[in-house]
Amino acid sequence: MSAITVRDVWVEYGDQIVLEALNLDIASGSFVTVVGPSGCGKSTFLRMVLGQERPTRGRLLLDGAPLPAEPGPDRGIVFQRYSVFPHLTVLGNVLAGFEFAASPLLGTLFGAARRRAVAASDELIAAVGLAAHRDKYPSALSGGMQQRLAIAQALAKNPKVLLLDEPFGALDPGTRAQMHDLLKPLWRQHGMTVIMVTHDLKEAFGLGTRLIAFDKLRHDPQAPGRYGARLTYDLDLPRNRPAPATPVPTTGRGADIPLLISQGAIP
Ligand SMILES: Nc1ncnc2c1ncn2[C@@H]1O[C@H](COP(=O)(O)OP(=O)(O)OP(=O)(O)O)[C@@H](O)[C@H]1O
């Protein structure tokens, strides 16, 4: 779990102000959904938390410490598309997540460490309902399956913070609903802080424990880049918070798979 603090953050590209005077305290373990009009800076905000983008001004803290300048295994991201490696199988993709987390420089594990990573990958693959497809390449998977794989790959890094940039935007409503059922228990089990950008308000209200909106409040027709987006709404959605956890004896990542199946999260 991880808390994120945003203090008077501004993002500017040349003379275009994208985000201005952003102040936020994101509690550890919360599920924050982010909405706002196209181009208002939602993805920029995610990239900043990932460490791909630096604020022009202001401070970003992760558990009270300055956010590392580079993306690391403590923060995972899933995009709307193209998050997985096309040249690796389902197993290879998830294994790559474990290898990156364990050995960011070499990206390879050997011997017993690799065997453990393969076993843990298989558990995650099962948890997202892809056990029957473990040796297939992404091109042989549907869009929903590819997104499940992208989520498994992100979870393999055991991130404290999971960033989701419209991860279900390209999916049909039925598959999207299945993905919600899959994501909720995974978030609860892994105890991550989740920040998810979405254009779907129903999704934002249905999944988040908190919903925030960015929007540009001021416009200068002579200088469109003069003002950036600010935080315009900040709603607490306590009904989506998980009930206080009852300790479940676990022996590893896959220990709750039967629970997921009984909840219908895995087909
Ligand atoms: N690297 C960059 N260099 C210059 N401008 C950028 C860069 N990245 C983003 N922008 C600009 O910042 C603004 C915000 O972009 P961003 O992708 O964050 O918006 P968004 O709210 O996620 O949009 P959408 O909902 O359409 O995905 C846009 O005007 C975009 O052109």
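Residues numbered from 1 in each chain as written. Predicted model: local features only at pLDDT ≥ 70, side-chain atom pairs only at ≥ 80, totals over all residues.

- As recorded by an unreviewed UniProt entry, the protein carries the name NitT/TauT family transport system ATP-binding protein and is attributed to Inquilinus ginsengisoli.
- UniProt annotates the protein under Sequence similarities (unreviewed entry) with the comment "Belongs to the ABC transporter superfamily." (UniProt positions renumbered as here; feature names shortened; annotations may be inferred.)

1. As for the overall build of the protein
Then, in step 1: Each helix and strand counted, the protein has 7 helices and 10 strands in total.
Then, in step 2: The long-range share in the protein, meaning contacts at least 24 apart out of those at least 6 apart in sequence, stands at 71%. (Helix = DSSP H or I, 4+ residues; strand = E, 2+ residues; numbered from the N terminus. Contact = placed C-beta atoms within 7 Å.)

2. Here's the deal with helix H1 (residues 42-50)
Then, in step 1: Within H1 the residues assigned to the buried category are Lys42, Phe45, Leu46, Met48 and Val49. Projection of H1 onto a plane perpendicular to its axis shows the buried side chains occupying an angular sector of 160°, all on one side.
Then, in step 2: Of the residues flanking the end of H1, it is Gly51, one or two places downstream, whose phi is positive at about 100°. (Buried ≥ 20, exposed ≤ 12 C-beta atoms within 10 Å, placed from the backbone. Arc of directions from axis to C-beta.)

3. Some remarks on the packing of helix H2 (residues 90-102) against helix H3 (residues 111-127)
Then, in step 1: Interhelical geometry of H2 versus H3 gives an angle of 125° and a closest axis separation of 9 Å. Relative to H3, H2 is oriented oblique. The handedness of the crossing between H2 and H3 comes out as right-handed. For the pair H2 and H3, contact is made by Val90, Leu91, Val94, Leu95, Phe98, Glu99 and Ala102 and by Ala113, Ala117, Val118, Ala120, Ser121, Leu124 and Ile125, respectively.
Then, in step 2: Considering only residue class, the contact of H2 with H3 consists of 12 nonpolar, 1 polar and 1 charged. (Axes fitted to C-alpha atoms, helices over the stretch in contact; angles between N-to-C directions. Parallel < 35°, antiparallel > 145°, perpendicular 65-115°, else oblique. Left-handed = near helix turned anticlockwise from the far one by under 90°. Nonpolar A, V, L, I, M, F, W, Y, C, P; charged D, E, K, R; others polar.)

4. Describing the nonpolar core
Then, in step 1: Counting residues in hydrophobic clusters, the biggest one holds 64 residues, and the most contacted among them are Val34, Ala152 and Val194.
Then, in step 2: Ranked by the residues each element gives to this core, the list is headed by helix H4 (residues 143-156), at 7 residues. (Core = buried A, V, L, I, M, F, W, Y, C linked by C-beta atoms within 7 Å.)

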